[in-house]
Amino acid sequence: MLSVEDWAEIRRLHRAEGIPIKQIARVLGVSRNTVRTALRADRPPKYERVGQGSIVDEVEPRIRELLQAFPTMPATVIAERIGWSRSMTVLKKRVAELRPVYLPPDPASRTQYAAGEIAQFDLWFPPITLPVGCGQSRTAKQLPVLTMVCGYSRWAAGVLIPSRNAEDLFAGWWQLLAGLGAVPRVLVWDGEGAVGRWRGGRSELTADCQGFRGTLATKVLICRPADPEAKGLVERLHDYLERSFLPGRTFTGPADFNAQLGAWLAMVNTRPRRALGCAPTDRIAADRERMLTLPPIAPATGWRSSTRLARDHYVRLDGNDYSVHPAVIGRRVEVVADLARVRVLGDGRLVADHDRAWARHQTISAEEHVAAARALRAARIGLLRPAPPAGEVEIRPLSDYDTALGLTDGGVA
């Protein structure tokens with residue numbers, strides 16, 4: 001079965017690099033029919049990765065001790081010092097992964113970016129407490145801001161997202177790219193758990209990220225650990241946000257925060273940059289022209305799940321309960337949510353549509369759903385309750401019962 005990584009790379013090589021099918025098949029060692037199938041697919045293939053330990057885990061503490069004392073010690077010498085008799089390949093990979101932690105600082109040089117080449121992404125945690133409704137407030141660690149800076153034009157964008165979950169992060173990621181109107185050829189990230197990490201001397205992406213970048217036909221690059229210069233543009237944007245955007249501002253909620261942030265970034269993109277000699281708005285058109293076009297079918301992002309609707313006709317999403325029309329109780333429904341809306345589909349039709357709640361442990365009910373449930377409950381009770389007999393019931397005197405039971409004077413001996 002074709003892996004998600006190979007599927008994504010096939011689409012990138014064909015769409016972004018313009019490499020023909022025959023050459024892709026020869027480079028990746030697959031058949032041409034496999035390449036054609038990957039290009040026709042709109043969604044990534046599903047597979048399961050089984051996590052396994054490594055034989056190097058037992059000796060890693062000793063490797064760290066040697067690297068801390070001698071950061072440039074070759075892997076062959078480390079193997080001799082620790083008495084390693086197993087495969088040198090796995091040992092060299094682990095040493096290459098650990099060595100950057102103990103090496104001295106490496107000064108960075110100025111980087112030049114080509115048009116359409118790169119965009120940097122990161123999460124910014126503003127030092128504020130934001131009200132989210134229902135008497136609740138959330139701190140910066142719970143409400144990250146997803147930010148983006150294009151390398152050539154320095155065009156900046158950002159959006160506040162409800163959580164760091166993959167569902168919300170990829171929904172916000174796609175929102176920024178859709179707002180940009182194009183896809184940079186390389187998307188740079190730090191080691192974010194939902195996106196990927198740097199391991200074994202290369203970027204290791206999650207399955208969700210492989211599927212996302214494959215749909216976009218682009219490349220996602222994870223920075224090396226302890227290398228903030230690799231995404232210095234977005235790091236400087238975060239510093240600028242804290243110094244120029246936050247001071248003196250108050251926010252009534254997430255929507256107000258995003259509205260103020262969007263207006264401020266639109267103004268910032270018109271300001272000239274000394275490094276460019278112009279403003280980002282003067283370069284963004286040329287930047288977009290060299291980027292990839294947006295895919296014809298948007299990548300699957302946000303929350304998606306399927307469940308059978310219980311009698312209480314509510315579905316749970318991200319810690320909150322949302323009402324559903326009780327007419328579909330007992331049937332299979334699909335829950336679809338993004339950063340703003342929570343929708344429920346039953347039998348192909350919309351049976352619930354709510355604003356997404358950013359507070360936690362809330363019950364969100366639509367009046368029409370509550371009224372429909374009340375009416376259905378009353379109708380069911382009417383069916384189960386026996387109807388009263390027709391006509392008037394005769395009221396007999398008690399003496400008739402005494403006579404029938406033999407309790408009268410003539411009937412008792």
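What counts and what doesn't
Residues numbered from 1 in each chain as written. Predicted model: local features only at pLDDT ≥ 70, side-chain atom pairs only at ≥ 80, totals over all residues. Heavy atoms only, no water. Helix = DSSP H or I, 4+ residues; strand = E, 2+ residues; numbered from the N terminus. Buried < 20%, exposed > 50% of the residue type's maximum accessible area, 1.4 Å probe, protein only. Core = buried A, V, L, I, M, F, W, Y, C linked by side-chain atoms within 4.5 Å. Contact = heavy atoms within 4.5 Å. 1 Å grid on protein atoms, 1.4 Å probe; cavity = no way out; pocket = protein on both sides within 12 Å on 5 of 7 lines; lining within 4 Å. Points joined across faces, edges and corners; volume = space filled by probe spheres on them. Nonpolar A, V, L, I, M, F, W, Y, C, P; charged D, E, K, R; others polar.

Turning next to unusual backbone geometry. A positive phi angle, near 60 degrees, is found at Cys-134, a position not held by glycine. Along the polypeptide, Cys-134 turns up in the loop between strand E2 (129-133) and strand E3 (136-139). Its relative accessible area of 58% is what places Cys-134 among the exposed residues. Backbone geometry at His-361 places phi at a positive 60 degrees, although glycine is not the residue there. Note that His-361 resides in the loop between strand E15 (349-355) and strand E16 (363-364).

Okay, the nonpolar core next. Grouped together as the largest cluster of nonpolar side chains are 36 residues, with contacts concentrated most on Phe-121, Trp-173, Leu-177, Trp-189 and Val-220. No other element matches helix H7 (residues 166-180), which puts eight residues into this core. Beyond its immediate stretch of four places on either side in the chain, Trp-189 contacts Phe-121, Asp-122, Leu-123, Leu-146, Leu-169, Trp-173, Val-195, Val-220, Leu-221, Ile-222 and Cys-223. Among the nonpolar cores identified, the runner-up in size contains 27 residues, and Phe-245, Phe-257, Trp-264 and Leu-265 belong to it.

What follows is about the environment of Arg-249. Locating Arg-249 in the fold gives a position in the loop between helix H9 (232-245) and helix H10 (254-268). For the pair Arg-249 and Ala-340, spaced 91 residues apart in sequence, the C-alpha separation works out to 23 Å. Leaving out residues up to four positions away in the same chain, Arg-249 has contacts with Gln-260 and Trp-264.

By the definition in use, this model includes one cavity of 30 Å³ or more. For the largest cavity, the calculated volume is near 40 Å³. Lining the largest cavity are Pro-126, Ile-128, Leu-130, Arg-138, Thr-139, Ala-140, Leu-143, Leu-160 and Phe-257. Partitioning the lining of the largest cavity into residue classes produces seven nonpolar, one polar and one charged.

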